[in-house]
Amino acid sequence: MQRQAALAVRLRTRGKEYQRVLDIGQAAVARALRTARRALPEGAERTAVRHALDDLMNRHVLPDDAERLAHEQLDREVESTHSPATTAWCKHAVSQYVSPVRGAAM
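Rules used in this analysis
- Numbering of residues starts from 1 in each chain and follows the order in which that chain's sequence is written.
- Where local features are concerned, this predicted model is filtered to residues with pLDDT of at least 70; where side-chain atom pairs are given and counted, the filter is 80 or more; whole-chain, interface and lining totals use all residues.
- Each side-chain value is worked out from all heavy atoms of the structure, with water and hydrogens disregarded.
- In this text, helices come from DSSP runs of H or I with a minimum length of four residues, and strands from runs of E with a minimum of two, each type numbered from the N-terminal end.
- Remark: exposure states derive from per-residue accessible area (1.4 Å probe, protein chains only) relative to the maximum for the residue type, with buried under 20%, exposed over 50%, and partly exposed in between.
- Surface accessibility in these figures is a Shrake-Rupley result with a 1.4 Å probe; residues are shielded only by whichever protein chains are displayed.
- One side-chain nitrogen of Lys or Arg within 4 Å of one carboxyl oxygen of Asp or Glu is enough to make a salt bridge.

1. Some points on the overall build of the protein
Point 1. Along the backbone of the protein there are four helices and zero strands.
Point 2. Put simply, the protein runs from its N terminus to its C terminus through helices and strands in the order α-α-α-α.
Point 3. Residue burial in the protein is summarised as follows: out of 106 residues, 38% are buried.
Point 4. When the accessible area of the protein is evaluated, it comes to approximately 6400 Å², of which 54% is carbon and sulfur surface.

Below is the structure:
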């Protein structure tokens, strides 16, 4: 509940710019979950990750390790596709999406 309240306040005060940050954070978490799911063999664990992805996209419910997974994905991509500054910005967006209460203002 605290997460939702913090998001609502920041969206009211920062508008579309902050919505873009949240969208990028959600996209980074979703990409990490998709990567994790594809790496797993068929079975219960892969299905669980699929359900976690559905929960994220449909209800903004995060798995416990969402931030860690997204940061690891971004770290792997930095050498091949992103600059360190872009990766840092994306990590901040993930942190805002996961826990806007503790995150610094953008």
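2. Some details on the pattern of salt bridges
Point 1. Per the stated rule, a full pass over the model turns up six salt bridges.
Point 2. In this structure, Glu-72 and Arg-68 form a salt bridge, with 3.0 Å as the shortest nitrogen-oxygen distance. Taken together, the residues span about one helical turn, with Glu-72 and Arg-68 both in helix H3 (residues 66-78) at a distance of four residues.
Point 3. Here Glu-72 falls in the partly exposed class, since its relative accessible area comes to 33%.
Point 4. In this structure, Lys-91 and Asp-75 form a salt bridge, with 2.5 Å as the shortest nitrogen-oxygen distance. On the criterion of sequence distance, the pair formed by Lys-91 in helix H4 (residues 84-98) and Asp-75 in helix H3 is long-range, its members being 16 residues apart.
Point 5. The partly exposed category is assigned to Asp-75, whose relative accessible area is 38%.
Point 6. When salt bridges that share partners are traced, they join Asp-65, Arg-68 and Glu-72 into one network.

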